[in-house]
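Analysis of the macromolecular model
Letter by letter, the chains look like this.
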Amino acid sequence: MTIRVVAKNYVKPEKVQDFLGLCKSLVEVSLKDEGCIDYGLYQELENSGVLTFLESGKMKKALINI
């Protein structure tokens, strides 16, 4: 079964660059996780402080244990 996760983040304008920096390594590591199909961070064009993680994978067990 494929699981999809959408995680929308609202970041203060002065913290956007810090947030992006932290997330870059998170995305790189997550893409290597067993069962990961896709994992990405997307930034809205109209509001750069709205950043959304989109994740899909075969990770049912990992999500249940949260």
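Residues numbered from 1 in each chain as written. Predicted model: local features only at pLDDT ≥ 70, side-chain atom pairs only at ≥ 80, totals over all residues. Heavy atoms only, no water.

Within an unreviewed UniProt entry, the label attached to the protein reads ABM domain-containing protein, and the organism entered is Methanosarcina barkeri 227.

**Points about a nonpolar patch on the surface**
Worth spelling out the cut-off: Excluding any residue in a salt bridge, patches collect residues exceeding 30% relative accessible area, merging like charges within 9 Å and nonpolar Val, Leu, Ile, Met, Phe, Trp and Tyr side chains within 5 Å. For accessible areas, the Shrake-Rupley method is used with a probe of radius 1.4 Å. Any residue's cover is judged against the shown protein chains and nothing else. The term salt bridge refers to a side-chain nitrogen of Lys or Arg lying within 4 Å of a carboxyl oxygen of Asp or Glu. Here a strand is any run of E in DSSP of at least two residues, a helix any run of H or I of at least four, and the numbering for each starts at the N terminus. Only protein chains enter the calculation, and the probe is 1.4 Å; a residue is then buried if its accessible area is under 20% of its type maximum, exposed if over 50%, and partly exposed in between.
Taken together, the side chains of Val6, Tyr42 and Leu54 make up a nonpolar region of the molecular surface, amounting to roughly 290 Å² of accessible area. Here Tyr42 is to be found in strand β2 (residues 36-43). According to the relative accessible area criterion, Tyr42 is partly exposed, its value standing at 42%.

**Details of the packing of aromatic side chains**
Heads up, the condition is: Whether two aromatic rings pair depends on their centres lying within 6.5 Å, for rings of Phe, Tyr and Trp, where Trp uses its six-membered ring; planes under 30 degrees apart make the pair stacked, over 60 edge-to-face, and the rest tilted.
The tally for this structure, following the rule as stated, stands at 2 aromatic pairs. Between Tyr39 and Phe53 the ring centres are 5.7 Å apart and the planes differ by 50 degrees, which places this aromatic pair in the tilted class. One end of the pair, Tyr39, is in strand β2; the other, Phe53, is in strand β3 (residues 50-57), and 14 residues separate them in sequence. Taken together, the ring pairs connect Phe19, Tyr39 and Phe53 into an aromatic cluster.

**Description of the side chain of Ser30**
How we decide: The contact criterion used is simple: two residues touch if any of their non-hydrogen atoms lie within 4.5 Å.
With respect to the element layout, Ser30 can be found in helix α1 (residues 16-30). On the basis of relative accessible area, Ser30 is assigned to the buried category, the value being 9%. When residues no more than four places from it in sequence are discounted, the contact partners of Ser30 are Cys36 and Tyr39.

**A few points about the environment of Leu41**
Mapped onto the fold, Leu41 is located in strand β2. C-alpha of Leu41 to C-alpha of Cys23: the two residues are 18 residues apart in sequence and 7.8 Å apart in space. Excluding its chain neighbours within four sequence positions, the residues that come into contact with Leu41 are Phe19, Leu20, Cys23, Val27, Leu51, Thr52 and Phe53.

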